[in-house]
Amino acid sequence: MKNTNATLYVAGNINVDMIMGTLDSWPQRGTEVMVAQSELRPGGSAGNCALALEAMQVRHRAIANQGDDGLSAWLAGHFPHSADAWPRYACETSLTVGVTHSDHERSFISNRGHIVRLSLEDVLDQLPLQAHAGDIVLLCGTFLCLQLYGDYPALLTTLRQRGYVIAVDTGWPPQGWNAAVRQQIMHWLPLCDWLLLNEVETRGLAACDTLEASAALLAQRLSGRGGCVVKRGAHGAGCWQRHQHTLHASQPVTVVDTIGAGDSFNAGFLTALLHQHAPDTALRWGIAVASLAISTQPRRYPDWHQLQLSAQER
């Protein structure tokens, strides 16, 4: 392990998840069904990533805001090293109901709540005015943090001026990948170092015929200091940079819960970068963290020894 004093800051959507399942068809209106499993837990893309970092004892801070209803204190209590700095808004806590299906897919229903009020000032006020060497900021839930989304160009410009390495996981836009959304993101992509997407998001943003062409196009639009990382589920992950790309497969696992798999991957991948490892190793770490997360209940994450072993695999 390479020593580092760098910090990974995870900013964006931290909300409450209510996971229920399994359900393979929606009930008729006016009826009721019962499911075998349910769990109330902290979630959101930023929340899932921060929980993985906390479990792995990675130097990090979770940057978010909070509401003021009965769930607010419960949610903040899961992030004791960060939540004291979260601004409070007079609104309900953002809540997502996730319904799992027998094919391991899932459907989500979300309210708006506090995350749509997260602002440019909220994020910048929780960050040092000057980055330390190697500090990374990961921006998550781009399209769900509605107020912050409008200020992304200003946010990214300021982060660049402060000296941070910038990573973005946009997620899927609720309005779909239309021309206006693509134009907005392409405008500020050159300010980003790393873009972390899944396969359908990659093709949706780039609008190319193949995944490979889409990832290569996005890599060319980035700053040149990182690359486009594509999370491919059971097929592993790949990293496209301007002049090369790397692919790594994942080992088969028995899937228990795929919710937050991509966020767990982000935690592993960026932890490797935080410790000055190359993208090749970072892909392995990301896959290792996601694979253990989705195959365990209660959810577990690799320790440093397991991550080192994943880095040595060939």
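Each remark here, short or long, concerns the structure printed above.
Predicted model only: the values in this text are computed from it and were never measured.

1. Description of the nonpolar core
Next, step 1: One finds Leu138, Phe265, Phe269 and Leu270 to be the most contacted residues of the largest nonpolar core, which totals 45 residues.
Next, step 2: Those elements that place two or more of their residues in this core are strand 1 (8–11), helix 1 (45–55), helix 2 (72–76), strand 7 (136–140), strand 9 (194–198), strand 11 (237–241), helix 9 (261–274) and helix 10 (279–294).
Next, step 3: The element best represented in this core is helix 10, accounting for eight residues.
Next, step 4: When sequence neighbours within four positions are dropped, the list of residues in contact with Leu138 reads Leu8, Tyr9, Val10, Ala11, Cys49, Ala167, Val168, Asp169, Leu196, Asn266 and Leu270.

2. Regarding the packing of aromatic side chains
Next, step 1: Counted by the stated rule, this structure contains nine aromatic pairs.
Next, step 2: Centre to centre, the rings of Phe79 and Trp86 are 5.6 Å apart; their planes meet at 45°, and the pair counts as tilted. Trp86 matches Phe79 in its accessibility class, with the two residues each being buried.
Next, step 3: Geometrically, the ring pair formed by Tyr149 and Tyr152 is edge-to-face, given 6.3 Å between the ring centres and 65° between the ring planes.
Next, step 4: Note on Tyr149: relative accessible area 15%, which makes it buried.
Next, step 5: On the basis of relative accessible area, Tyr152 is assigned to the buried category, the value being 1%.
Next, step 6: Here a set of aromatic residues connected by ring pairs shows up, and it is made of Phe143, Tyr149, Tyr152, Trp172, Trp177 and Trp188.

3. A look at the sheet that holds strand 11
Next, step 1: Strand order in the open sheet formed by eight strands is 4-1-7-8-9-10-11-12, and the pairing between neighbours is mixed. Lying at the two open borders of the sheet, with one neighbouring strand each, are strand 4 (60–63) and strand 12 (244–248). The mean inter-strand angle of the sheet, taken between neighbouring strand axes irrespective of direction, is 15°.

4. Quick notes on helix 8 (residues 211–221)
Next, step 1: Where helix 8 is concerned, the buried positions are Leu211, Ser214, Ala215, Leu218 and Ala219. For helix 8, the angular spread of buried residues about the axis comes to 135°, placing them on one side.
Next, step 2: Buried residues belonging to helix 8 abut helix 6 (179–188), strand 9, helix 7 (199–206), strand 10 (227–231) and strand 11.

5. Here we look at the packing of helix 7 against helix 8
Next, step 1: At their nearest, the axes of helix 7 and helix 8 sit 9 Å apart, and the two run at 65° to each other. Classified by the angle between their axes, helix 7 and helix 8 sit roughly perpendicular to one another. Handedness of the helix 7/helix 8 crossing: left-handed. Contact with helix 7, carried on its side by Glu199, Thr202, Arg203, Leu205 and Ala206, involves Leu211, Ser214, Ala215, Leu217 and Leu218 of helix 8 and no other residues of that element.
Next, step 2: Class assignment of the residues belonging to the contact of helix 7 with helix 8 gives a composition of six nonpolar, two polar and two charged.

6. Structural notes on helix 7
Next, step 1: Where helix 7 is concerned, the buried positions are Glu201, Thr202, Gly204, Leu205 and Ala206.
Next, step 2: Among the residues of helix 7, the N-terminal cap falls to Asn198, whose side-chain oxygen and the backbone nitrogen of Val200 are separated by 3.2 Å.
Next, step 3: Positioned one or two residues after helix 7, Ala207 has a phi angle of 60°, which is positive.

7. Let's talk about the packing of helix 1 against helix 9
The relative placement of two packed helices comes down to the angle between their axes together with the axis-to-axis distance.
Next, step 1: The N-to-C vectors of helix 1 and helix 9 enclose an angle of 50°; their axes lie 8 Å apart at closest approach. Considering the angle they form, helix 1 stands oblique to helix 9. Between helix 1 and helix 9 lies a crossing of right-handed hand. Between helix 1 and helix 9, the residues in contact are Ser45, Asn48, Cys49, Ala52 and Leu53 and Asp263, Asn266, Ala267 and Thr271, respectively.
Next, step 2: Within the contact of helix 1 with helix 9, the residues separate by chemical class into four nonpolar, four polar and one charged.

The rules behind the values
Residues numbered from 1 in each chain as written. Predicted model: local features only at pLDDT ≥ 70, side-chain atom pairs only at ≥ 80, totals over all residues. Heavy atoms only, no water. Core = buried A, V, L, I, M, F, W, Y, C linked by side-chain atoms within 4.5 Å. Buried < 20%, exposed > 50% of the residue type's maximum accessible area, 1.4 Å probe, protein only. Helix = DSSP H or I, 4+ residues; strand = E, 2+ residues; numbered from the N terminus. Contact = heavy atoms within 4.5 Å. Phe/Tyr/Trp six-rings, centres within 6.5 Å; stacked < 30°, edge-to-face > 60°. Pairing = 2+ DSSP bridges. Axes fitted to C-alpha atoms, helices over the stretch in contact; angles between N-to-C directions. Arc of directions from axis to C-beta. Parallel < 35°, antiparallel > 145°, perpendicular 65-115°, else oblique. Left-handed = near helix turned anticlockwise from the far one by under 90°. Nonpolar A, V, L, I, M, F, W, Y, C, P; charged D, E, K, R; others polar. Polar contact = N/O pair within 3.5 Å; in protein donor to acceptor, adjacent residues only side chain to side chain.

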